[in-house]
Amino acid sequence: MIGFFDRLSRPFIRALEPEDAHKLAIKALRYVPVVRQAADSPELAVRAFGLNFPNPVGLAAGFDKNAQVPDALLRLGFGFVEVGTITPLPQTGNPRPRLFRLDSDEGVINRLGFNNEGASAALKRLAARMDESGIVGVNIGANRDSADRIGDYAQLIETFAPVASYFTVNVSSPNTPGLRDLQQAKVLDELLARVLDARERVRPRSGPVPVLLKIAPDLALNDLDDAVGIARKHRVDGMIVGNTTITRPGSLRERGKAREAGGLSGRPLFKLATRMLAETYVRAEGVFPLIGAGGVDSGPTAIAKIKAGASLVQLYTGLVFRGIGVATEIKTDLLVALKRGHRNSLVSMVGSDAADITAESWPS
Ligand SMILES: Cc1cc2nc3c(=O)[nH]c(=O)nc-3n(C[C@H](O)[C@H](O)[C@H](O)COP(=O)(O)O)c2cc1C
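The structure contained in this document is the topic of the report that follows. What you are looking at is a predicted structure, and each value in this text was computed from that prediction instead of being measured. (Residues numbered from 1 in each chain as written. Predicted model: local features only at pLDDT ≥ 70, side-chain atom pairs only at ≥ 80, totals over all residues. Heavy atoms only, no water.)

1. Some words on the overall build of the chain
- A tally of helices and strands in the chain yields 13 helices and 13 strands.
- Scaling as 2.2 N^0.38, a compact globule of 364 residues should have a C-alpha radius of gyration of about 21 Å, and the chain matches this with 19 Å.
- For the chain, the proportion of its 364 residues judged to be buried stands at 55%.
- Expressed as a percentage of contacts within the chain between residues at least 6 apart in sequence, the contacts between residues at least 24 apart total 75%.
- Entry remark: accessible area of the chain is about 15,600 Å², with carbon and sulfur atoms responsible for 54%.
- Computed over 46 positive and 39 negative side-chain charges, the inter-centroid distance for the chain is 3 Å. (Helix = DSSP H or I, 4+ residues; strand = E, 2+ residues; numbered from the N terminus. Rg over C-alpha atoms; globule rule 2.2 N^0.38 Å. Buried < 20%, exposed > 50% of the residue type's maximum accessible area, 1.4 Å probe, protein only. Contact = heavy atoms within 4.5 Å. Areas by Shrake-Rupley, 256 points an atom, 1.4 Å probe, with all protein chains shown as cover. Lys, Arg positive; Asp, Glu negative; His and termini not counted. Charge placed at Lys NZ, Arg CZ, Asp CG, Glu CD.)

Put into structure tokens, the structure is as follows:
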């Protein structure tokens, strides 16, 4: 039924201005009852960061910035949903237009700038669903005008620990000036120290909520060395590789829109993000698991991420172009691949191509 409405409504949604289409999608998920998908096959289960994921296909941050519809999204078949980015105070973000669909590239450029309703609105919603099952991560960021950006992250950890399945420390959005500088070694070291201190402070009340670090796919490899080294030193629970890119691959067809400032996601990001994932995997040496994001929109792209080093994957832009059946489609393909390889879990596939990928020439 969902698939039917999805196919029917997609041309209409495509005709809308992208930000209005997104608002409409959130509204539909709030008010149209979504029937829960059948339980996932046990072969798709993944244990990572101390959590039991029913399947490895997650919804990436940015779609449900204000934690309005995490349970409807879980019912669509996602194995986990990441809400946010949430900042301590509400903020409106950059002026519109700030979201561009590159239809013939199956990509999106956004320069939203952490538009969100702020911590207290999201907290209320997440507290109201505390008895629901399902993994809902909270992606946190700093307010644009904050005098103490690191303090914003620490404060959000304390605020959301009772309601978050895990945290993502987002230091990689390109649309808040200076935010990505938090990835630089000295600052990242201090940031993670304070974030993990905050986590320890609330541990007696909230348990050991996993903390993941989300990085940009645009880091130079020596900066990636530092980022992984510092993440390991502070014993973060995992990393997400990664966010949108400020680069523009030469293959882009929508040349006009490609000149818009902002972060590029979707298909055109796939190669770069998968390369950075493999680079991160070889540096992490199995100390913590990785989530692969960037251009996942099908079974083959999800499998490529897993072989590059991802224990779990996330997608956002694939939902825009493939529709709400995308998680189910990917899961079906994963099961076929497992059957074909006579495997009963995805674990043995994780990172099997990482060394080869890092030996290839750099994606352009
Ligand atoms: C419109 C839009 C908004 C996004 N907002 C956020 C955000 O608030 N926080 C964040 O960490 N990532 C954000 N992202 C990045 C995604 O979470 C994801 O890392 C990236 O888009 C790559 O995945 P994809 O190619 O499947 O979209 C956003 C992406 C898009 C397209």
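Having seen the structure, we can now continue with the description.
2. With respect to the nonpolar core
- With 96 residues, the main nonpolar core has Phe78, Tyr153, Phe160 and Phe167 as its most contacted residues.
- Not counting chain neighbours up to four residues away, the residues in contact with phenylalanine 167 comprise Val138, Ile140, Leu156, Ile157, Phe160, Ala161, Val209, Pro210, Val211 and Leu212.
- If you look at the next biggest cluster of nonpolar residues, it comprises 6 residues, including Phe100, Leu252, Ala258 and Leu264. (Core = buried A, V, L, I, M, F, W, Y, C linked by side-chain atoms within 4.5 Å.)

3. With respect to the site of the ligand
- In the region of the ligand, 24 residues are neighbours, and Ala61, Thr85, Gly266, Gly295 and Thr317 sit closest.
- Between threonine 85 and the ligand, the recorded distance is 2.7 Å, taken from a side-chain N or O atom to a nitrogen atom.
- For the ligand, an oxygen atom lies 3.5 Å from a polar atom in the side chain of asparagine 243.
- Starting from 600 Å² of accessible surface for the ligand in isolation, the protein chains cover 98%.
- Every element with two or more residues in the shell around the ligand is listed here: β4 (80-86), β6 (107-110) and β11 (263-266).
- Considering only residue class, the shell around the ligand consists of 8 nonpolar, 14 polar and 2 charged. (Near = heavy atom within 4 Å. Polar contact = N/O pair within 3.5 Å; in protein donor to acceptor, adjacent residues only side chain to side chain. Nonpolar A, V, L, I, M, F, W, Y, C, P; charged D, E, K, R; others polar.)

4. What to know about the sheet that holds β6
- An order of β5-β6-β11 is seen for the 3 strands of this open sheet, with the pairing classed as antiparallel. Two strands close off the open sheet at either side, each with one partner strand: β5 (99-102) and β11. Direction aside, the axes of adjacent strands within the sheet are offset by 20° on average.
- Direction of pairing for β6 relative to β11: antiparallel, over a ladder of 4 bridges. Looking across to β11, one finds that asparagine 110 is bridged to glycine 263. (Pairing = 2+ DSSP bridges. Axes fitted to C-alpha atoms, helices over the stretch in contact; angles between N-to-C directions.)

5. Some points on the sheet that holds strand β13 (residues 312-315)
- Taking strand neighbours around the barrel as the criterion, the 8 strands line up as β3-β4-β7-β8-β9-β10-β12-β13 in a closed arrangement whose pairing is parallel. Adjacent strand axes in the sheet meet at a mean angle of 25°, parallel and antiparallel pairs treated alike.
- Note that β4 and strand β7 (residues 135-140) share 5 bridges and pair parallel. Its bridge partner lying in β7, isoleucine 86 is registered against isoleucine 140.
- On the sheet, helix α5 (residues 149-160) packs against β4, β7, β8 (166-170) and β9 (211-215) and is oriented at approximately 165° with respect to β8.

6. A few points about unusual backbone geometry
- Cis geometry is found at the peptide bond from arginine 96 to proline 97, where omega equals -5°.
- Along the polypeptide, proline 97 turns up in the loop between β4 and β5.
- At the junction of valine 241 and glycine 242, the peptide bond is cis and its omega measures out at -5° in the coordinates.
- Positionally, glycine 242 belongs in the loop between β10 (238-241) and α8 (255-258).
- Phi is positive for phenylalanine 49, close to 55°, though the residue is something other than glycine.
- If you trace the backbone, phenylalanine 49 turns up in the loop between β1 (46-48) and β2 (51-53).

7. Re the packing of aromatic side chains
- According to the stated counting rule, one finds 4 aromatic pairs in the structure shown.
- Summarising the aromatic geometry, the rings of phenylalanine 49 and phenylalanine 53 are spaced 6.1 Å apart at their centres and angled 80° between planes, so their arrangement reads as edge-to-face.
- Overall, the relative accessible area of 11% leaves phenylalanine 49 in the buried class.
- By relative accessible area, which is 2% here, phenylalanine 53 ends up buried.
- Aromatic side chains phenylalanine 63 and tyrosine 316 sit 5.6 Å apart centroid to centroid with 85° between the ring planes, which places their arrangement in the edge-to-face category. (Phe/Tyr/Trp six-rings, centres within 6.5 Å; stacked < 30°, edge-to-face > 60°.)

8. Topic: the packing of helix α9 (residues 270-284) against helix α10 (residues 299-308)
- At a minimum axis distance of 8 Å, the contact between α9 and α10 shows a crossing angle of 25°. Between α9 and α10, the angle is such that the two are roughly parallel. Contacts between α9 and α10 pair Phe270, Ala273, Thr274, Leu277, Ala278 and Tyr281 from the former with Thr301, Ala304, Lys305 and Ala308 from the latter.
- For the contact of α9 with α10, the per-class residue count stands at 7 nonpolar, 2 polar and 1 charged. (Parallel < 35°, antiparallel > 145°, perpendicular 65-115°, else oblique.)

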